[in-house]
Amino acid sequence: MLIKRREFLKISSLATASLLMPSFLKSMTLDNALNANQKILIVLQFTGGNDGLNTIIPTKNDIYFKERNKIAIQNSLALNDETGINPALSYFKELFDDGELSVLNNVGYPNPDKSHFRSMDIWHSASKSDEYLETGWLGRFLDEECYNCDHPTQALEVDDMLSLALKGENNKAFAFKDPKKLYQTSQEKYFKSLYDHDHHHDDETVSYLYQTLGSTINNADYIFEKSKAKKTTQEYPNSKLGKDFKTVASLIKSDINTQVYYLSIGSFDTHVNQNERQEKLFGEINEAVKSFVADMKSNGLFNDILLMTFSEFGRRVAQNASNGTDHGTANQMFFVSGGLKKKGILNALPDLQKLNDGDLIYTEDFRKVYATVLKNWLNADSSKVLGWKNGVYDFI
């Protein structure tokens, strides 16, 4: 069968998703209901390097207001006597007051890298700053949990391409933007005709293309059906992130056996006019999370949901000449759940008197956070996944 250029491009588009599909995805066709005791992790990535100092504000720190005389947040919402939160994150203030939000300050790693790409790779792979890994921390979690198991743990990313964080050596998560569009593409007559033919090829690459194409066609229907099985009545914002959270909520409420969901929003690379950009992004996050939490609470699921946020680095302490901030180092992470063991501000705010050439000095290693999530929330062997043996936190 000859493939015309237009047809090849269409195959390539679907194969982009297909090649990201783990070998174990066929198990999704088995109607195994989610274990009632299974915890669910949702990772929300703040792409571009969010400015943590204008997110969680040191309201009594003179250095902060001096170094940021034009962009310091003056009207933050008080979390305690010395700490505020950006007013665009008003719902996070409500979560904090209700004991459903934890904040870990000053998270980073030794010898930080200020390149977006390299620092993101470090966070995704859980590597050292001078170590280069081709697998991600959640991908290795899948490798560990899905070794010789009939019903493996699964992970989904709501995006066009799969992030390094979810790529294992033997297993990978599945990336898709919209269940309906994935299904509609897979059902086009041309793709169905390709799959219906019996294809045998000496070329391993071509053979694998047909194999993965067939797997996607088989499972796109399953993902789509699960996404609409229990449609949410909760109103979500019409933003990209709002739609992504709505998709995740629908899947969580179905009997799909997925334990990890991965989302992202950006860009937080605020070199210029930072406050306007950050306010817009925070507004989208605030409203999307508000709808999602309400949805989970109304369905009795919030205690088994953990939403974790991170960014590849923070920003420098001093503002720049363009009312923005440049690439920095340490940052805070948010944890939202009805099942937190410790709530509120978990550790001290960054020390603005002790800097490294104008940058914050981290006090909490992000790999310890990952180890905590793996061990205490996902019930996995964090030492095998990360090689981290330096303890965990106790907030979950």
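- Labelled according to an unreviewed UniProt entry, the protein appears under the name DUF1501 domain-containing protein, originating from Chryseobacterium formosus.

**Description of the overall build of the protein**
Part 1: The secondary structure content of the protein amounts to 12 helices and 14 strands.
Part 2: Relative to its 396 residues, the protein shows a buried fraction of 54%.
Part 3: In the protein, of all internal contacts separated by at least 6 residues, the share reaching a separation of at least 24 is 74%.

**Comments concerning the environment of Ser 322**
Part 1: Of note, Ser 322 is situated in the loop between strand E9 (305–311) and strand E10 (331–336).
Part 2: Residue class for Ser 322 comes out partly exposed when judged on its relative accessible area of 35%.
Part 3: Considering only alpha carbons, one finds Ser 322 and Asn 273, 49 residues apart in sequence, at a separation of 6.5 Å.
Part 4: Every residue in contact with Ser 322, bar those within four places of it in the chain, is listed here: His 271, Val 272 and Asn 273.

**Overview of the pairing of strand E8 (residues 260–266)**
Part 1: By the criterion of burial, E8 is predominantly enclosed, with 6 of the 7 residues buried.
Part 2: Here 7 bridges tie strand E1 (residues 40–47) to E8, and the two strands are oriented parallel to one another. Residue pairing across strands places Gln 45 opposite Ser 264, the latter belonging to E8.
Part 3: One ladder, built from 3 bridges, connects strand E6 (residues 155–158) with E8; its direction is parallel. Following the sheet pairing, Glu 157 is matched in E8 by Tyr 262.

**Describing the sheet that holds strand E2 (residues 56–58)**
Part 1: Pairing is antiparallel in the open sheet, where 3 strands are placed in the order E2-E4-E3. This sheet does not close on itself; its edge strands, each paired only once, are E2 and strand E3 (77–80). Neighbour-to-neighbour, the strand axes of this sheet turn through a mean angle of 40°, independent of strand direction.
Part 2: The pairing of E3 with strand E4 (residues 83–85) spans 3 bridges and is antiparallel. Opposite Leu 77, over in E4, you have Ile 85 as the bridge partner.

**Structural notes on the nonpolar core**
Part 1: The biggest cluster of nonpolar side chains holds 44 residues, and the ones touching the most others in it are Ile 42, Phe 245, Ile 285 and Phe 292.
Part 2: Ranked by residues supplied to this core, first place goes to helix H10 (residues 274–298) with 8 residues.
Part 3: Counting residues in hydrophobic clusters, the runner-up holds 43 residues, among them Val 260, Phe 366, Trp 388 and Ile 396.

Definitions and cut-offs
Think of each chain on its own: its residues are numbered from 1, step by step along the sequence as written. Since the coordinates come from a predicted model, pLDDT governs what is reported: local features require at least 70, and pairs of side-chain atoms require 80 or more to be given and counted, while whole-chain, interface and lining totals use all residues. Only hydrogens and water are removed before side-chain values are computed, so all heavy atoms of the structure are retained for them. By the criteria applied, helices consist of DSSP H or I runs no shorter than four residues and strands consist of E runs no shorter than two, each listed in order from the N terminus. Classification of residues uses two cut-offs on accessible area relative to the type maximum, computed with a 1.4 Å probe and protein chains only: under 20% is buried, over 50% is exposed, and between them is partly exposed. Residues count as neighbours in contact if any of their non-hydrogen atoms are within 4.5 Å of one another. Following DSSP output, two strands are said to pair if at least two bridges run between them. Axis angles are defined between N-to-C directions and span 0 to 180 degrees, where every axis is a line fitted to C-alpha atoms and, for a helix, only to the segment in contact. We call a set of buried Ala, Val, Leu, Ile, Met, Phe, Trp, Tyr and Cys residues a nonpolar core when their side-chain atoms join them within 4.5 Å.

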